[in-house]
Amino acid sequence: MTTVELVCDGEGCIRRCLANGHADFSHKGGDIVCAAESILFNTILELLMETDGVVLETDKSSRGNLAFSVEEKGSGNTERLRCMADVLRCGLRSISEQYPEHVLLREKTEY
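Rules behind the numbers
- Residues numbered from 1 in each chain as written.
- Predicted model: local features only at pLDDT ≥ 70, side-chain atom pairs only at ≥ 80, totals over all residues.
- Heavy atoms only, no water.
- Phe/Tyr/Trp six-rings, centres within 6.5 Å; stacked < 30°, edge-to-face > 60°.
- Helix = DSSP H or I, 4+ residues; strand = E, 2+ residues; numbered from the N terminus.
- Buried < 20%, exposed > 50% of the residue type's maximum accessible area, 1.4 Å probe, protein only.
- Pairing = 2+ DSSP bridges.
- Axes fitted to C-alpha atoms, helices over the stretch in contact; angles between N-to-C directions.
- Contact = heavy atoms within 4.5 Å.

J.: What exactly am I supposed to notice about the packing of aromatic side chains here?
T.: Aromatic ring pairs are defined here through the distance separating the ring centres and the angle between the ring planes. What the rule picks out here adds up to one aromatic pair. Centroid distance Phe-25 to Tyr-99: 5.1 Å. Interplanar angle 75 degrees. Geometry classified as edge-to-face. Highlighted residues: Phe-25 in the loop between β2 (14-20) and α1 (32-49) and Tyr-99 in the loop between α2 (78-98) and β5 (103-110), separated in sequence by 74 residues. The class of Phe-25 is partly exposed, set by a relative accessible area of 36%.

Next comes the structure, spelled out in structure tokens:
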């Protein structure tokens, strides 16, 4: 099972995400749950890398684990970071509802 912790600030902006484990829906290379998760994470990471005024730190040092943190330098990205959190939350929630034995989403707000 993949366990995901999505951490947002009080305005709903994405601040951190930790994903650990494997979906184990199917064999390596044929796991549609893993593929869906990967697309979501990679899309959000690409968008964060393209966002001016955002410092992104990532850790993909071991297979089956992903961690990233977002720090906003300056202002003007609140709506974009909130939207990214919403997309990630909505996508992961949808996957976890369809495959509850393979994905667990935990959400946290830090003020």
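Following the structure, the description resumes.
J.: I would appreciate a short explanation of the environment of Gly-74 in the present structure.
T.: Relative to the assigned elements, Gly-74 resides in the loop between β4 (65-72) and α2. A sequence separation of 20 residues divides Gly-74 from Val-54, and the C-alpha atoms of the two residues are 8.3 Å apart.

J.: Looking at this structure, I do not really get the pairing of β4. What am I missing?
T.: Sheet faces and side chains relate simply in a regular strand, where the side chains alternate between the two faces. Burial along β4 is one-sided: Leu-66, Phe-68, Val-70 and Glu-72 are buried, and none of Asn-65, Ala-67, Ser-69 and Glu-71, which face the opposite way, are. Here β2 pairs with β4 via five bridges, running antiparallel. Each bridged residue has a counterpart across the sheet, and for Ala-19 the counterpart in β4 is Leu-66. Pairing geometry for strand β3 (residues 54-59) and β4, over six bridges, is antiparallel. Looking across to β4, one finds that Thr-58 is bridged to Phe-68. Turn length for the β3-β4 hairpin, with the two strands adjacent in sequence and antiparallel, is five residues, and the turn residue Gly-64 shows positive phi of about 90 degrees.

J.: Any chance you could explain the sheet that holds β2 here in plain terms?
T.: Adjacent strands of a sheet pair through backbone hydrogen bonds, lying either parallel or antiparallel. Strand order across the open sheet formed by five strands is β3-β4-β2-β1-β5, with mixed pairing between neighbours. The open sheet has two free edges, formed respectively by β3 and β5, since each of these has just one partner strand. Looking at each pair of strands side by side, their axes are set apart by 10 degrees on average, direction ignored. Of the strands in this sheet, β1 (2-9), β2, β3, β4 and β5 touch α1, which is tilted by about 25 degrees from β4.

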